[in-house]
Amino acid sequence: MRSAINYTTLVLIALIPMTPVTASDRPPDTADTPEIIARNRDVIVTLNAQQTRRRRSRPKRISNKYDVTTVTDGGTIEGVVIFAAAAPEPEKIQIVKDHETCDTRAKTRPRVTVDADGHLADAIVFLGNIKKGKAIPKPTAKSTIKQEHCTFVPHVQVIHTKEKFDVVNKDPVAHNAQCVQNMVTLFNPMQPKKGLRNEFSIKRPGLANVTCAVHNWMKAFVYVLPHPYHAVTAADGRFALTDVPPGDYDLVVWQEHLGEQTRRVHVDAGGTATVEFKLTPN
Ligand SMILES: [Cu+2]
């Protein structure tokens, strides 16, 4: 009897590392995993807990409660984001495989994108605590994360909660796109061929990052928000949020290397509040 138990135990131990963690048997702390929609669920590869820990992101907690209302006396929040320091060295990218495709991309990536006056592009500005306001406009094009020249395009974007978006491989080499939010892997499609496309949505607001395990320099950021009050700063560092119901708000700016900064902003009916953010390296 004892030998039978020992044999069973050994078999079970031997099987443990081979058992993949799937969406349905994740640990209890990931029970509130955001909703994932995929055309082909077979391509979702969930990772083990160790891999998830290594790729942790630092999401800001944002309420998912947002009610649509008619905004007739809205104001505007506009301003500029300035990088108030000397531009840091760009990230160096070492391409070690798939040279025919990947060598077409730049071998460096700027940590900040600034113009001659320090105006910071590609920062995300949004209202952190708005509970009701205008409806999310119908998108003119479906949001997409493209894998092109071994680069995720766009590098930074806002996607709304529950919005359906595509991950698509435009390269003739294999990529994957592991998306992690709040230390939980939301999806991880392997796309071994050009033209492969998978559709997803994310239920929970907050920052998510996307990486490719095949090419370790590839990364993208998605800020998931339940409302339309957000902007990505243009080349001149400027942003504008319109039709904001009168009131007091937390205006948040985020940049991947500079972190977040929050400013309290008051909006009068029909008025314009002007904000200047100055970001520096941590
Ligand atoms: Cu890749």
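Treat the numbers as computed from the prediction; the structure is a model and nothing was measured.

Draft legend 1. Representation of the confidence of the model for the protein chain within the structure. Here the protein chain averages 83 in pLDDT, and 79% of its residues register 70 or above. Considering only residues more than four positions removed or in separate chains, one finds that residues 1-59, a stretch of pLDDT under 50, has 70 contacts.

Draft legend 2. Representation of the environment of His-215 within the structure. Within the fold, His-215 resides in the loop between β18 (206-211) and β19 (219-225). As a C-alpha pair, His-215 and Lys-97 span 118 residues in sequence and 7.9 Å in three-dimensional space. Contact partners of His-215, with chain neighbours within four places excluded, come to Cys-102 and Cys-150.

Draft legend 3. Geometry of the sheet that holds strand β9 (residues 144-148). Taken together, four strands build an open sheet; the order of strands is β10-β9-β12-β17 and the sheet is mixed. The open sheet is flanked by β10 (151-153) and β17 (197-200), the only strands paired with a single partner. Each strand of the sheet is rotated relative to its neighbour by a mean of 20°, with strand direction disregarded.

Draft legend 4. Structural detail: the pairing of strand β22 (residues 247-255). Where strand β7 (residues 124-127) meets β22, four bridges bridge the pair, whose relative direction is antiparallel. Following the sheet pairing, Val-125 is matched in β22 by Val-253. Across nine bridges, the pairing between β22 and strand β23 (residues 259-267) is antiparallel. Bridging from a neighbouring strand, Leu-251 pairs with Arg-263 of β23.

Draft legend 5. Representation of the nonpolar core. Ranked by internal contacts, the top residues of the largest apolar core, which has 54 residues, are Val-81, Val-125, Phe-126, Ala-208, Val-210, Val-222 and Tyr-223. For this core, the leading source of residues is β19, giving six residues. Beyond its immediate sequence surroundings of up to four residues, Val-125 is in contact with Val-81, His-230, Ala-231, Thr-233, Phe-239, Leu-251 and Val-253.

Draft legend 6. The pairing of strand β14 (residues 178-181), seen in detail. Residues Gln-178 and Val-180 of β14 are buried on one face, and the alternating residues Cys-179 and Gln-181, pointing to the opposite face, are buried as well. Sheet topology note: the β14/β18 ladder contains four bridges and is antiparallel. From the neighbouring strand, Gln-181 faces β18, where its bridge partner is Ala-208. Between β14 and strand β15 (residues 184-187), which pair antiparallel in sequence order, lie two residues; one of them, Asn-182, sits at a positive phi of approximately 55°.

Draft legend 7. Structural view of the sheet that holds strand β2 (residues 75-83). Within the open sheet, the three strands sit side by side as β21-β2-β24. Their pairing is mixed. Of all the strands in the sheet, just β21 (238-244) and β24 (272-279) have a single pairing partner and so form its edges. Taken pair by pair, the neighbouring strands of this sheet meet at an average axis angle of 20°, ignoring direction. Alignment of β2 against β24, held across eight bridges, turns out to be parallel. By the bridge assignment for β24, Ile-77 is matched with Ala-273.

Scoring rules and cut-offs
Residues numbered from 1 in each chain as written. Predicted model: local features only at pLDDT ≥ 70, side-chain atom pairs only at ≥ 80, totals over all residues. pLDDT = per-residue confidence, 0-100. Contact = placed C-beta atoms within 7 Å. Helix = DSSP H or I, 4+ residues; strand = E, 2+ residues; numbered from the N terminus. Pairing = 2+ DSSP bridges. Axes fitted to C-alpha atoms, helices over the stretch in contact; angles between N-to-C directions. Core = buried A, V, L, I, M, F, W, Y, C linked by C-beta atoms within 7 Å. Buried ≥ 20, exposed ≤ 12 C-beta atoms within 10 Å, placed from the backbone.

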